[in-house]
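# Close look at the chain arrangement
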Amino acid sequence: MMMMAAAAVRCRGSEAFFIGSQIQRCQMKIMGMILLLSPTTLSLLSTNHSNSISSSSSSSSSRYKHSNDVSLFRNIDDALSSFNHMLHRKPLPCIIQFNQLLSAIVKMRQYYDAVVSLSKQMELAGLSPNTYTLNMLINCFCQLQRIDLGFSVLAKGIKLGLQPTIVTFNTLTNGLCKVGKFSQAAELFDDMVARGCQPNVHTYNTIINGLCKIGETAAAARLFKKMEEAGCQPNVVTYSTLIDGLCKDRRVNEALDIFSYMKAKGISPDIFTYTSLIKGLCNSSRWNDASAMLNEMRSLNIMPDIVIFNVLINTFCKEGKVSQAQGVLKTMTEMGVEPDVVTYSSLMYGYSLWMEVVEARKLFDVMITKGYKPDVFCYNILINGYCKATRIDKAKQLYNEMILQGLTPDKVTYNTLIHGLCQLGRLREAQDLFKNMHKNGNLPDLFAYSILLDGFCKQGYLGKAFRLFRAMQSSSLKPDLVMYNILVDAMCKSGNLKDARELFSELFAKGLQPNVQIYTTIINGLCKEGLLDEALEAFRNMEEDGCPPDEFSYNVIIRGFLNHKDESRAVHLIGEMRDRGFIADAGATTW
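Described in the following lines is the structure provided in the data block. (Residues numbered from 1 in each chain as written. Predicted model: local features only at pLDDT ≥ 70, side-chain atom pairs only at ≥ 80, totals over all residues. Heavy atoms only, no water.)

## A few points about the overall build of the protein
Filter applied, for reference: Only runs of H or I of at least four residues qualify as helices and only runs of E of at least two qualify as strands under DSSP, and these elements are numbered from the N terminus. Relative accessibility thresholds used throughout: buried, under 20% of the residue-type maximum; exposed, over 50%; partly exposed, between the two (1.4 Å probe, protein chains only). Here, two residues are considered to be in contact whenever any of their heavy atoms come within 4.5 Å of each other. Working definition of accessibility: Shrake-Rupley area with a 1.4 Å probe, residue cover restricted to the visible protein chains.
Tallying secondary structure elements over the protein gives 34 helices and zero strands in all. For the protein, with 591 residues in total, the buried portion stands at 48%. Long-range pairs, those at least 24 residues apart, make up 62% of the contacts in the protein with a sequence separation of at least 6. With the model as given, the accessible surface of the protein reaches about 28,400 Å², and the carbon-plus-sulfur share is 53%.

## Here's the deal with the environment of Lys493
Structurally, Lys493 is set in helix H28 (residues 481-493). Distance from Lys493 to Asn524, taken between C-alpha atoms, is 9.4 Å for residues 31 residues apart in sequence.

## A word on helix H7 (residues 112-124)
The condition is simple: Helix span, as expected, comes to 1.5 Å for every residue beyond the first.
The first and last C-alpha atoms of H7 sit 19 Å apart over 13 residues, in line with the 18 Å expected at 1.5 Å per residue. All of the buried residues in H7 are Tyr112, Asp113, Ala114, Val115, Val116, Ser117, Leu118, Ser119 and Met122. Remark: Gly126 follows H7 within two positions and exhibits a positive phi of approximately 100°.

## Describing helix H33 (residues 567-579)
Just so we agree on the cut-off: An arc is given here, and it is the one of the directions from the helix axis to the C-beta atoms.
An ideal rise of 1.5 Å per residue puts 18 Å on 13 residues; H33 measures up with 18 Å between its terminal C-alpha atoms. For H33, every residue scored as buried is listed here: Ala570, Leu573, Ile574, Glu576 and Met577. Looking straight down H33, one finds that the buried residues subtend no more than 165° of arc, so they occupy a single side. Turned more than 90 degrees off the buried face of H33, the exposed positions are Ser568, His572, Arg578 and Asp579. After H33 finishes, the residue Gly581 shows a positive phi value of roughly 90°.

## Re unusual backbone geometry
Looking along the chain, the bond that leaves Lys90 and enters Pro91 is cis, with omega of -5°. Assignment of secondary structure puts Pro91 in the loop between helix H5 (76-87) and helix H6 (95-106). Unlike most non-glycine residues, Thr390 shows phi in positive territory, near 55°. Assignment of secondary structure puts Thr390 in the loop between helix H22 (376-388) and helix H23 (392-404). The exposure class of Thr390 is exposed, given its relative accessible area of 52%. Despite not being glycine, Lys565 shows a phi value in the positive range, around 60°.

## What to know about the packing of helix H17 (residues 287-299) against helix H18 (residues 306-318)
Where we set the bar: To get an axis, a line is fitted to the C-alpha atoms, and for a helix only the part in contact is used. The angle between two axes follows their N-to-C directions and goes from 0 to 180 degrees. Orientation labels follow simple angle bins: below 35 degrees gives roughly parallel, above 145 gives roughly antiparallel, 65 to 115 gives roughly perpendicular, and whatever is left gives oblique. With the far helix as reference, a near helix turned anticlockwise by less than a right angle produces a left-handed crossing, and one turned clockwise produces a right-handed crossing. Lys, Arg, Asp and Glu make up the charged group, whereas Ala, Val, Leu, Ile, Met, Phe, Trp, Tyr, Cys and Pro make up the nonpolar group; the residues left over, Gly among them, are polar.
At a minimum axis separation of 12 Å, H17 and H18 run at an interaxial angle of 165°. Taken as axis vectors, H17 and H18 run roughly antiparallel relative to one another. As H17 runs across H18, the sense of the crossing is left-handed. Where H17 abuts H18, its residues Trp287, Ala290, Leu294 and Met297 lie against Ile308, Leu312, Thr315 and Phe316. Counted by class, the contact of H17 with H18 contains seven nonpolar, one polar and no charged residues.

## Things to note about the packing of aromatic side chains
In plain terms, the rule: Only Phe, Tyr and Trp rings are paired, with Trp represented by its six-membered ring, and only when their centres lie within 6.5 Å; those with planes under 30 degrees apart are stacked, over 60 edge-to-face, the remainder tilted.
Applying the stated criterion across every chain yields a total of 16 aromatic pairs. Between the aromatic rings of Phe259 and Tyr274, the centroid separation amounts to 5.6 Å while the plane-to-plane angle is 75°, which identifies the pairing as edge-to-face. Taken together, the residues Phe259 in helix H15 (residues 252-264) and Tyr274 in helix H16 (residues 271-283) connect sequence positions 15 residues apart. In this structure Phe259 comes out as buried when scored by relative accessible area, which is 3%.

## Describing the side chain of Glu576
Structurally, Glu576 can be placed in helix H33. Its relative accessible area of 17% is what places Glu576 among the buried residues. Contacts of Glu576, omitting those with residues within four sequence positions, involve Phe539, Arg540 and Tyr554.

## Some details on the nonpolar core
Inside soluble globular proteins, nonpolar side chains tend to come together where they are buried. Quick reminder of the rule: Put simply, a nonpolar core is a bunch of buried Ala, Val, Leu, Ile, Met, Phe, Trp, Tyr and Cys residues held in one set by side-chain atoms that sit within 4.5 Å of each other.
If you look at the biggest cluster of nonpolar residues, it comprises 173 residues, and the most contacted ones within it are Ile278, Leu312, Ile418, Ile523, Ile557 and Ile558. For Leu312, the residues in contact, after removing those within four places along its chain, are Ile278, Cys282, Ala290, Leu294 and Val328.

## Things to note about the side chain of Asn380
Short version of the rule: Whenever a nitrogen or oxygen atom comes within 3.5 Å of another N or O atom, the pair is scored as a polar contact, on the condition that within protein one atom can donate a hydrogen and the other can accept it, and that pairs from neighbouring residues in sequence are kept only if both atoms are in side chains.
Looking at where Asn380 falls in the secondary structure, it is placed in helix H22. For Asn380, a relative accessible area of 8% gives the class buried. At 2.6 Å, the side chain of Asn380 forms a polar contact with the side chain of Thr413. For Asn380, the contacting residues outside a window of four places in its chain are Asp410, Val412 and Thr413.

## Some remarks on the pattern of salt bridges
The line we're drawing: Any Lys or Arg side-chain nitrogen found within 4 Å of a carboxyl oxygen on Asp or Glu counts as a salt bridge.
Applying the stated criterion across every chain yields a total of 22 salt bridges. Between Arg361 and Asp365 there is a salt bridge, with its nearest N and O atoms 3.2 Å apart. Here Arg361 and its partner Asp365 are both found in helix H21 (residues 357-369), four residues apart, which amounts to about one turn of the helix. Judged by its relative accessible area of 23%, Arg361 is partly exposed. The exposure class assigned to Asp365 is partly exposed, which follows from its relative accessible area of 33%. Of the charged contacts, one joins Arg470 and Glu506 as a salt bridge, the two residues approaching to 3.2 Å between their closest N and O atoms.

## Focus on a nonpolar patch on the surface
Worth spelling out the cut-off: For patch detection, residues must exceed 30% relative accessible area and be free of salt bridges, and they are connected within 9 Å for like charges or within 5 Å for nonpolar side chains (Val, Leu, Ile, Met, Phe, Trp, Tyr).
Together, Tyr349, Leu353 and Trp354 give the surface a local cluster of nonpolar side chains, amounting to about 310 Å² of exposed area. Among the structural elements, Tyr349 can be located in helix H20 (residues 341-353). Residue Tyr349 is classed as partly exposed on the basis of its relative accessible area, which comes to 34%.

## Looking at a positive patch on the surface
Here is the rule we go by: Counted charges follow a simple rule, with Lys and Arg positive, Asp and Glu negative, and His plus the chain ends left uncounted. Taken as the charge centre is NZ of Lys, CZ of Arg, CG of Asp or CD of Glu, depending on the residue.
Residues Arg428, Lys435, Lys439, Lys464 and Arg467 make up a contiguous surface patch of positive charge. Counting only elements with at least two residues in the positive patch, the list comes to helix H25 (427-439) and helix H27 (462-473). At three residues, H25 tops the list of elements feeding residues into the positive patch. Of note, Arg428 is situated in helix H25. For Arg428, a relative accessible area of 61% corresponds to the exposed category.

## Looking at the packing of helix H13 (residues 217-229) against helix H14 (residues 236-248)
Here H13 crosses H14 at 160°, and the two axes come no closer than 9 Å. As the angle between them shows, H13 and H14 are arranged roughly antiparallel. Classified by chirality, the crossing of H14 by H13 is left-handed. Contact residues: Thr217, Ala220, Ala221, Phe224, Met227 and Glu228 in H13; Thr238, Tyr239, Leu242, Gly245 and Leu246 in H14. Grouping the amino acids of the contact of H13 with H14 by side-chain chemistry returns seven nonpolar, three polar and one charged.

Honestly, it's all geometry; don't read function into it.
Next up, the structure:
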């Protein structure tokens, strides 16, 4: 078989990874490596657990003396007591009985370290592990996210003459994917095939899922095809995983083709398949197709769950289609599916987009009466709605309310309120909130600084704006182009062209590449002061700096020449911009 899985990800610069090299590096006995385990492992070997093995023997051993039925274990202490009893029997029970006991502990899903330590005691007692024992140990190390020790177990098994099985490789592949090492999992897949171990559907599903997670949906589709060619039939998990990956990659038509192929093969889609398709169709604004998919589900008696309804409601609300979202809400309640916090939050956001903050508040209150506790995200939606509706005092009330409820405002909360206050010219309150961010451990980000800086500039407080700008420069945050543009624009408008030019020059010293917006701002300032030659020089520098002028830039400089009666150069620039496919506005073509 081709090196199909690994080839799909090597182009992404993945690490080279082969079992052969792992085996060469892992010649130490696995039990001798127990000392390398985490503090959690060591704690399981401490007095508490040692005592439980010995002291529990007298109270519990009789219960298990004549029984190896692991289903009787009530807890880990019972299992440890039974192990201790078995270990001291003469002759020792066979490895199969010990494997059954260890398997029971593994199924408890939290004592993986204990299984490792018990297996060490088994080996010291002279019991030789079989493949099942080693597979269990590999699984425990993978669950503990110690994949390196899992490969050490594999090396030990091979050294003892035990042949890895499909379970061995599947366990290691799962472990690698669990810690995000998808490229290494793909390499392991290829090595498994090279060793003559035929992958099963679980192996393929793991690799296909890993490829989809790193955005390699095309590679996943190729592996899917190879899977069929190898005679391994995909199941509903295979199809659903690939469909989900394609939908997330916005390749919805290909996902629908796989969906049709899946049904033609007699594989029935499940709720996960439909959820992925509905989400993909909604993200592509294919509302009718999404509704049709929902109806198809219902016709097959696959009842949509809260996740599907929330996907539909959230997408409709983001598009501003609140009435359609309300229709979905009605359908879900008629079907007996209760809305949750996500449902209400999405609808509140939809109403807030249309500044229907009263309706958003009603939903907020309904949510509380139904026993749901609003989180910071819910409060932020409503605070933003009130700010957009210029009802800043209501927004501040909500801010105080959320603190009383024991919730901690985040950066979104502060930024929204600071922006709302600045929009209304209430700069003192905005500054107070800005300071509160520091006190509450929310260090202001670039957006917070930009909001306050813009507020100072628009109110004419250029001195405060400049001091804030310099204070930021001395902090760990560094001003970006947006902040420079705010200050340069404010200084140009106030006639302070000297400082504006100095700030513009400072960009290059700071290693920032001016963009079209800031170039246009300084050109506009130069034109207003009648410095047309400098304006034209800056305009030409744009192209040289890899920042070609746009339609707005042309119109700004053309108006500047026309306002100063320099028609010849204006006409030349109008011709130039038309050659580039731009359109001159009315003010630049009539004089």
